[in-house]
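# Report on the structure
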Amino acid sequence: MAWPVLWSFRRCPYAMRARLALLVSGVRVEVREVLLREKPAAMLAVSPKGTVPVLVLPDGVVIDESLDVMRWALGRDDPEGWLPGADFGLVGACDGVFKFHLDRYKYFTRYGCDPLEHRTEGVRFLKELEARLSGGFLCGERFRLTDAAVLPFVRQFAAVDAAWFGGLDLPRVRGWLEGFVSSALFARAMRRYAVWRPGDEGGGASVCFPEL
């Protein structure tokens, strides 16, 4: 039986959160790593908007929103209880306001704006997370969907100026991020794959994920 196909890009935070959920669920997929500057025609044929992740099920159903991929995977199996208590409102704030300022902080030349202004606004969101992390994680004492959905974006924000970020008075956020990037789950989600090329179906860069 054919596996679902996951079109992915290693560094994309949206694809990262999808891979995290797939790993935890144990649902096996075939990963096709792409370069976003060279989007394969095969991916665009199933999802013309051209963003990752894109999950194509064996029956042809296409899921091309990262949170929907997470819900689908965890709906199949959720052994660590990621779905119960998920705060989709907080995830929405991350994807909306925080992502808006993150993009203009990191890619300020593209947007022609003041990066420090947007960095300051991004810190406002991080301060909200600091208050939420009193139990260690965003929704209590265990790592769950909300953490997995938000952390890839916080990681991206922190990486713009790691020295500056390390000096912020946000000890819970920094500890939460450090625990994530040093985890075995993160290491598995960030495994490097060869870029998929036409003709790789069933071999080459079509990789079993999670690993056998």
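Residues numbered from 1 in each chain as written. Predicted model: local features only at pLDDT ≥ 70, side-chain atom pairs only at ≥ 80, totals over all residues. Heavy atoms only, no water.

## Side note on unusual backbone geometry
- In this model, Val52 is joined to Pro53 through a cis peptide bond whose omega is 5 degrees.
- Tracing the backbone through its elements, the reader meets Pro53 in the loop between helix H2 (41–46) and strand S3 (54–56). (Helix = DSSP H or I, 4+ residues; strand = E, 2+ residues; numbered from the N terminus.)

## Topic: the side chain of Ser47
- Turning to its location among the elements, Ser47 is positioned in the loop between H2 and S3.
- A relative accessible area of 1% means that Ser47 is categorised as buried.
- If we ignore the near neighbours within four places in the chain, the residues touching Ser47 are Val54 and Asp64. (Buried < 20%, exposed > 50% of the residue type's maximum accessible area, 1.4 Å probe, protein only. Contact = heavy atoms within 4.5 Å.)

## Overview of the environment of Pro152
- Structurally, the position occupied by Pro152 is in helix H7 (residues 145–160).
- Judged by relative accessible area, Pro152 falls into the buried class, the value being 1%.
- Each residue touching Pro152, except ones within four places of it in the same chain, is listed here: Pro13, Met16, Arg17, Leu20, Asp147 and Phe180.

## Looking at the state of the cysteines
- What the rule picks out here adds up to zero disulfides.
- The structure places no disulfide on Cys113, whose sulfur is separated from the nearest cysteine sulfur, that of Cys94, by 18 Å.
- Take Cys139: it sits in no disulfide, and the sulfur closest to it among the cysteines is that of Cys94, at 13 Å.
- We classify Cys139 as buried; its relative accessible area is 18%. (Disulfide = S-S within 2.5 Å.)

## Here we look at the packing of helix H4 (residues 88–106) against helix H6 (residues 115–132)
- The interhelical angle for the contact between H4 and H6, taken along N-to-C directions, is 150 degrees, at an axis separation of 7 Å. With respect to their mutual orientation, H4 and H6 come out roughly antiparallel. As for how H4 packs across H6, the hand of that crossing is left-handed. Seen from H4, the contacting residues are Leu90, Ala93, Cys94, Phe98, Phe100, His101, Arg104 and Tyr105; seen from H6, they are Pro115, His118, Arg119, Glu121, Gly122, Phe125, Leu126, Leu129 and Arg132.
- Residue classes in the contact of H4 with H6 are distributed as ten nonpolar, three polar and four charged. (Axes fitted to C-alpha atoms, helices over the stretch in contact; angles between N-to-C directions. Parallel < 35°, antiparallel > 145°, perpendicular 65-115°, else oblique. Left-handed = near helix turned anticlockwise from the far one by under 90°. Nonpolar A, V, L, I, M, F, W, Y, C, P; charged D, E, K, R; others polar.)

## Focus: the nonpolar core
- Of all hydrophobic cores here, the largest spans 43 residues; its most connected members are Trp82, Leu129, Val150, Val154 and Trp176.
- When residues in this core are grouped by element, the largest group, nine residues, is from H7.
- Counting residues in hydrophobic clusters, the runner-up holds 13 residues, among them Leu6, Ala18, Trp72 and Tyr193. (Core = buried A, V, L, I, M, F, W, Y, C linked by side-chain atoms within 4.5 Å.)

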